[in-house]
Amino acid sequence: MQNYLNFQSGSSRTDASSGELGGKLPPQCVSDGRGMNYFFLILVLNSLLSVPTAFANRKTAVGHNKDEGLAKEFLERYNKEFSQLVNERARASWNYQTNLTDYNAAIVEEVSARVSAYGDTANSNASSFDTTLFTYDTHRLLTKVGSLSLDPEEMKELTQVLHQMSRIYGNHKVCKEEKCYSLEPELTKLMASSTNATERLWAWQQWHEGVGRAIRPLYVKYVHLKNKQARLNGYEDYGDEWRQNYETKELESLVQDLYKQVEPLYRQLHAYVRRRLYETYGPSVIDLKGPLPAHLVGDMWGRFWSDLGDIVRPYPNKPSVDPTPAMIAQNYTVCRMFDMGNEFLVSMGLKPVPDTFFNLSMLEKPTDREVVCHATAWDFSDGKDFRIRMCTSVSFSDFLTIHHELGHIQYGMQYAHLPYGYRDGANDGFHEAIGELMAMSVATTKHLQSVGLLDVMEDDPEVDINFLMQQALSTVSTLPFHLVQDTWRWKLFRGEIPTDEWNQAYWLEKMATVGVAPPVPRDDPQDLDPVAIFHVSGDFDMIRYFTRTIMQFQFAQALCDISDHVGPLYKCDFYNSTKAGTALAKMLSMGSSKPWPDAMEALTGQREMSVLPLLNYFRPLHEWLEKENARNGETLGWNIPPSG
């Protein structure tokens with residue numbers, strides 16, 4: 001994930017009691033100088049800032065000053081001063097999220113107030129210029145300067161609300177028989193491995209009700225304050241501000257049109273998974289014509305279905321494409337996994353992570369303090385300091401996440417030379433797509449064989465179907481999930497749903513679009529289940545993950561063509577292809593200096609998002625699913641329960 005703020009840098013760490021992290025990573029985690037590349041989180045901590053992301057097409061007043069020379073002088077000063085402020089905020093935010101204390105939260109609040117004040121003044125100065133006759137870059141950069149903030153008391157309230165939601169999410173534990181469990185690693189491992197429906201229901205219910213109910217009143221305040229701030233900056237509401245990152249007013253219809261083209265594949269996948277869950281849990285739990293119970297579809301939120309791999313594998317007697325056992329047998333460590341991720345990017349002629357990366361990142365969960373574990377890549381806005389925060393374990397899932405986050409880091413390093421206003425992805429989905437692009441290549445059987453994690457085998461169509469199924473569980477299945485997470489929030493921001501019906505509206509939309517239902521009745525005045533995921537409580541849009549899934553296949557197709565790959569797209573590995581690396585670096589180095597269609601065209605020759613590469617990638621699986629579901633007489637789609 002990417003963080004669109006800059007978070008704490010800090011060349012040294014003092015004792016945790018002073019507000020900064022104590023100690024360093026073990027010596028074996030220090031870079032050995034072999035060239036390492038990393039993932040970038042630009043997760044957008046807009047959560048703590050009043051400054052919009054760099055892609056925002058913010059509306060500003062037209063001034064009367066036509067002196068472009070003065071405008072360039074102003075932009076040069078802004079670039080230097082604001083980068084320093086953002087770096088300071090990044091340091092404070094890093095300290096807080098890697099050590100959740102009131103002391104660190106207070107520092108973030110103080111720094112954020114200064115950033116907001118500076119942004120207000122800079123915005124007013126930028127708006128004093130009449131840019132009608134200015135050059136392209138001067139005009140575009142001025143539209144990205146600062147933003148207007150709420151009054152100091154409301155900004156303080158918003159910052160506190162965001163901190164409290166983060167704190168609740170990061171600190172919450174569920175307890176049973178005098179033993180308490182955190183999300184990471186205990187509950188995550190339970191949801192990844194357990195086939196005990198009762199145990200899974202307990203974990204799901206305790207997490208969603210514990211986090212959701214605590215955050216609900218805060219989220220009501222959050223929606224109000226974020227909307228007020230967005231309107232102050234000329235947007236219709238906060239959802240409109242998010243969508244304007246794509247520099248179009250048509251994003252809602254665009255994503256709906258894209259999903260309609262993929263929906264037939266999703267419905268085939270849904271029907272097949274439902275049959276396999278029915279065989280695992282029985283008719284008392286699974287209705288073969290109904291939606292899937294939310295506690296049985298993969299992770300805590302049903303976002304990724306990857307952990308269903310063992311249950312739904314089409315050919316269970318064929319070799320597994322999950323090399324986790326091989327990683328364990330070969331004594332993989334967290335440091336080795338990061339080293340290999342970095343080496344993958346370097347093999348393409350891309351940049352290695354900076355020498356400070358291993359000293360300053362948090363790559364494993366500390367045992368002496370509470371932290372936010374959600375994997376994120378951090379850009380500290382000084383062109384030198386890039387880090388990852390991740391509670392890594394030795395598993396193939398985390399191995400792929402490492403490559404994803406390193407993709408973020410690579411993007412940030414490639415555009416680090418640009419002015420502050422251009423230091424961002426071409427749009428939010430670009431950043432995420434680059435991360436997934438790396439993970440896609442690493443997941444191929446060809447790559448796993450090349451690094452010794454999979455035995456070399458002859459081409460086998462059944463192994464290919466197993467592989468494509470595993471890939472679909474982490475891509476195709478996420479499309480309706482990510483779509484609903486934001487279409488629901490867009491309605492909230494527009495005021496289309498009464499506050500006491502927020503949760504009911506969420507589940508109605510989720511059942512209709514995703515075919516997933518709550519496993520137990522919900523108490524709408526109390527529950528707010530969608531905020532129990534990091535991105536919603538952390539103030540991140542999720543449509544970026546929808547668009548990234550579309551674009552990652554477009555980018556993969558382009559890189560595979562450039563690297564002279566022969567064969568189906570799902571067998572392409574651009575590891576060691578400097579031709580692919582050169583083409584990718586060209587696009588990444590553009591940052592957000594041009595509208596995203598220009599950036600896409602630089603790599604793919606296309607100016608629009610297209611689902612065709614994705615559909616081509618999964619065509620063998622789609623055809624197999626159609627035959628298998630027809631053989632079993634499956635119902636495509638689902639009946640929504642009367643209570644829904």
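About the thresholds
Residues numbered from 1 in each chain as written. Predicted model: local features only at pLDDT ≥ 70, side-chain atom pairs only at ≥ 80, totals over all residues. Heavy atoms only, no water. Disulfide = S-S within 2.5 Å. Helix = DSSP H or I, 4+ residues; strand = E, 2+ residues; numbered from the N terminus. Buried < 20%, exposed > 50% of the residue type's maximum accessible area, 1.4 Å probe, protein only. Pairing = 2+ DSSP bridges. pLDDT = per-residue confidence, 0-100. Contact = heavy atoms within 4.5 Å. Axes fitted to C-alpha atoms, helices over the stretch in contact; angles between N-to-C directions. Parallel < 35°, antiparallel > 145°, perpendicular 65-115°, else oblique. Left-handed = near helix turned anticlockwise from the far one by under 90°. Nonpolar A, V, L, I, M, F, W, Y, C, P; charged D, E, K, R; others polar. Core = buried A, V, L, I, M, F, W, Y, C linked by side-chain atoms within 4.5 Å. Phe/Tyr/Trp six-rings, centres within 6.5 Å; stacked < 30°, edge-to-face > 60°. Lys NZ or Arg CZ within 6 Å of the ring centre and 35° of its normal. Expected span 1.5 Å × (residues − 1).

**A short note on the state of the cysteines**
(1) Moving on: Taken as a whole and judged by the stated rule, the model has 3 disulfides.
(2) Moving on: In this model Cys373 forms its disulfide with Cys391; the gap between the sulfur atoms is 2.0 Å. Residues Cys373 and Cys391 are joined by a disulfide whose S-S torsion is about -80°; by sign, that bridge is left-handed. Of this pair, Cys373 sits in the loop between helix 12 (357-360) and strand 4 (376-379) while Cys391 sits in the loop between strand 5 (386-389) and helix 13 (396-414), and the two are 18 residues apart along the sequence.
(3) Moving on: Across the disulfide, Cys560 is cross-linked to Cys572 (sulfur-sulfur distance 2.0 Å). On the sign convention where negative is left-handed, the bridge of Cys560 and Cys572, at about -105° about the S-S bond, is left-handed.

**Remarks on the pairing of strand 5**
Moving residue by residue along a regular strand, the side chains alternate between the two faces of the sheet.
(1) Moving on: Taking every second residue as pointing to the same face, both faces of strand 5 are buried, with Phe386 and Ile388 on one and Arg387 and Arg389 on the other.
(2) Moving on: With 4 bridges joining them, strand 4 and strand 5 adopt antiparallel strand pairing. Bridging across to strand 5, Asp379 finds its partner in Phe386.
(3) Moving on: Counting the residues between successive antiparallel strands, the hairpin from strand 4 to strand 5 contains 6 residues, one of them, Ser381, with a positive phi of roughly 65°.

**Regarding the confidence of the model for the protein chain**
(1) Moving on: Overall, the prediction assigns the protein chain a mean pLDDT of 89, with 90% of residues at 70 or greater.
(2) Moving on: In the model, residues 2-60 has pLDDT below 50 throughout and makes 287 contacts with residues more than four positions away in sequence or in other chains.

**Focus on the packing of helix 14 (residues 428-443) against helix 21 (residues 578-588)**
(1) Moving on: Contact geometry for helix 14 and helix 21: axes closest at 12 Å, N-to-C directions at 165°. Put simply, helix 14 runs roughly antiparallel to helix 21. Like other packed secondary-structure pairs, helix 14 and helix 21 cross with a definite hand, here left-handed. Side by side, helix 14 and helix 21 meet where Phe430, Ile434, Leu437 and Met438 of the first sit next to Leu584, Met587 and Leu588 of the second.
(2) Moving on: Across the contact of helix 14 with helix 21, the residue classes tally to 7 nonpolar, no polar and no charged.

**Quick look at the nonpolar core**
Here is a general trend for soluble globular proteins: nonpolar side chains tend to be buried in one another's company.
(1) Moving on: Core analysis: the biggest nonpolar cluster contains 188 residues, and Tyr219, Tyr222, Phe430, Phe555, Phe574, Leu584 and Phe618 have the highest contact counts within it.
(2) Moving on: With 13 residues, helix 6 (residues 197-232) is the single largest residue contributor to this core.
(3) Moving on: Residues in contact with Tyr222, not counting those within four places in the same chain, are Leu158, Val161, Leu162, Met165, Tyr238, Trp242, Phe493 and Asp539.
(4) Moving on: Counting 8 residues, the second largest nonpolar core, distinct from the first, contains Ala90, Met362, Val371 and Trp378.

**Remarks on the packing of aromatic side chains**
(1) Moving on: For the structure on display, the rule yields 41 aromatic pairs.
(2) Moving on: Aromatic pair Tyr78 and Phe82: ring centres 5.1 Å apart, planes at 10°, arrangement stacked. Of this pair, Tyr78 and Phe82 both sit in helix 1 (residues 68-97), 4 residues apart, roughly one helical turn. For the pair Tyr78 and Phe82, a shared accessibility class is recorded, and that class is buried.
(3) Moving on: Joined through ring pairs, the aromatic side chains of Phe74, Tyr78, Phe82, Tyr118, Phe129, Phe134 and Tyr420 make up one cluster.
(4) Moving on: Its guanidinium or amino end placed over the ring of Trp202, Lys176 lies 4.8 Å from that ring's centre, counting from NZ or CZ.
(5) Moving on: Geometry around Tyr545 places Arg303 over its ring, the cationic atom sitting 4.6 Å from the centre.

**With respect to helix 14**
(1) Moving on: For helix 14, which comprises 16 residues, the first-to-last C-alpha distance of 23 Å matches the rise-based estimate of 22 Å (1.5 Å per residue) to within 8%.
(2) Moving on: Burial of helix 14 is extensive: 16 of the 16 residues sit out of reach of the surface.

**Focus on unusual backbone geometry**
With glycine set apart, most residues show a phi of negative sign, and most peptide bonds adopt trans.
(1) Moving on: In this model, Glu184 is joined to Pro185 through a cis peptide bond whose omega is 0°.
(2) Moving on: Position of Pro185 among the secondary structure elements: in helix 5 (residues 183-193).
(3) Moving on: Within the chain, Glu247 stands out as a residue other than glycine whose phi angle is a positive 55°.
(4) Moving on: Structurally, the position occupied by Glu247 is in the loop between helix 7 (238-243) and helix 8 (251-281).
(5) Moving on: Given a relative accessible area of 27%, Glu247 falls into the partly exposed group.
(6) Moving on: Despite not being glycine, Ser381 shows a phi value in the positive range, around 65°.
(7) Moving on: Here Ser381 lies in the loop between strand 4 and strand 5.
(8) Moving on: For Ser381, a relative accessible area of 9% translates into the label buried.

**With respect to the pairing of strand 1 (residues 173-176)**
(1) Moving on: Bridging between strand 1 and strand 2 (residues 179-182) involves 4 bridges; their strand directions are antiparallel. By the bridge assignment, Lys176 is partnered in strand 2 with Lys179.
(2) Moving on: Between the antiparallel neighbours strand 1 and strand 2 lie 2 residues, among them Glu177 with a positive phi of about 55°.

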